[in-house]
Amino acid sequence: MAAMTFEQFGRAQAAAMDSMLAFSRDLAGQVEKVALLQFEAGRQALESVQALAEVRDAESLAAWQATALQSGVELASDNVRQQYAVLVEMRNLLAEAVRQSAAETTQQVQAGIERLVREAPEGFAPFFAALRDGFNTQLAAMENFGRIGAQVDALTGTSQLIAQAAEPAPRKRAPVRRKAA
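Calculation notes
Residues numbered from 1 in each chain as written. Predicted model: local features only at pLDDT ≥ 70, side-chain atom pairs only at ≥ 80, totals over all residues. Heavy atoms only, no water. Helix = DSSP H or I, 4+ residues; strand = E, 2+ residues; numbered from the N terminus. Contact = heavy atoms within 4.5 Å. Areas by Shrake-Rupley, 256 points an atom, 1.4 Å probe, with all protein chains shown as cover. Salt bridge = Lys/Arg side-chain N within 4 Å of Asp/Glu carboxyl O. Buried < 20%, exposed > 50% of the residue type's maximum accessible area, 1.4 Å probe, protein only. Patch = residues over 30% accessible without salt bridge, like charges linked within 9 Å, V, L, I, M, F, W, Y side chains within 5 Å. Expected span 1.5 Å × (residues − 1). Bend = angle between axes of the 7 residues up to and from the residue.

(A) Region of the structure containing the overall build of the protein. In terms of helices and strands, the protein carries four helices and zero strands. Listed N to C, the secondary structure of the protein is α-α-α-α in terms of helices and strands. When contacts within the protein are restricted to residue pairs at least 6 apart in sequence, those whose partners lie at least 24 apart make up 73%. Accessible surface computed for the protein: about 14,100 Å², of which carbon and sulfur atoms make up 63%.

Following this line, the structure appears as C-alpha cells:
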C-alpha cells in the first residue's frame, strides 16, 4: 500500500496551514468589529451619563430625557443590529471553513480508497469496491441533506429575515421646534 510521500504530506500540511491562517485572520477581523462596536456603545453610554451628571434642574432633566434617552435607544438598537450582522458574517465564515475542511477530507479519503483499490491483492477488489460504493452513497446522502437544508431555508426565507434584521430601521425625524416671535 502506498502511503503519502513526505513531499505530498508537506504540501498538504502547508495548504491546511494557509487555510487555517486565512480563516483565523477573517475570524479575528470579525472579533475586532464586535469589540469596536462594544467600545462605541460604552463610549456613548458614558457620554449620556456625563450629560445626566450635568443636569441641575427639572427643565434640563426634561431636555436630557428628550435627547439622550431617545437617541440612546436608537444608538443601542443600531449597535445591536450591527453586532448581529457581524455574528451572521462569523457564522458564514465558520460554515465555509467547515465545508472546505469536509471537502478536503472527503478528497483525501477518496484518494486513499482509490490507492487501496489499485494496490489490493486480487481477491480483495470486491471488498474495496463495496467500501468505495458505500462511501460514495454516504457522500450523496450528505449532499442531499445539504440541498434539503437549502430548500428549507429558501422556503422559510430565514436568510432574508436575518439580512432584514441586520438592516437599520428608518429613523424618525424629530419635530422641528420653532421659536415664538
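(B) Local environment of the pattern of salt bridges. As enumerated under the stated definition, the model contains seven salt bridges in all. Between R99 and E96 there is a salt bridge; the shortest N-O distance is 2.6 Å. In this pair, R99 and E96 both sit in helix α2 (residues 58–119), three residues apart, roughly one turn of the helix. Looking at R99, the relative accessible area reads 46%, which means it is partly exposed. When salt bridges with common partners are traced through the structure, they connect E40, R43 and E47 into a single cluster.

(C) Region of the structure containing a nonpolar patch on the surface. On the surface, M17, M20 and L21 cluster together to form a nonpolar patch covering roughly 300 Å² of accessible area. Mapping M20 onto the fold places it in helix α1 (residues 6–53).

(D) Structural detail: α2. Taking 1.5 Å per residue as the helical rise, α2 with its 62 residues ought to reach 92 Å, and the 89 Å between its terminal C-alpha atoms agrees with that figure. The sharpest bend along α2 measures roughly 25 degrees and falls at Q65.

(E) Just helix α3 (residues 125–156), in detail. With 32 residues, α3 extends 46 Å from end C-alpha to end C-alpha; this agrees with the ideal 46 Å at 1.5 Å per step. Buried residues of α3: F128, F135 and L139, and no others. Buried positions along α3 lie against α2.

(F) Seen up close, the environment of Q38. With respect to the helices and strands, the residue Q38 is situated in helix α1. Here Q38 falls in the partly exposed class, since its relative accessible area comes to 44%. Considered as a pair, Q38 and N79 are 41 residues apart in the sequence and their alpha carbons are 8.0 Å apart.

(G) The arrangement of the environment of V80 in detail. Looking at where V80 falls in the secondary structure, it is placed in helix α2. By relative accessible area, which is 54% here, V80 ends up exposed. Sequence separation between V80 and V34 is 46 residues, and the spatial gap between their C-alpha atoms is 9.9 Å.

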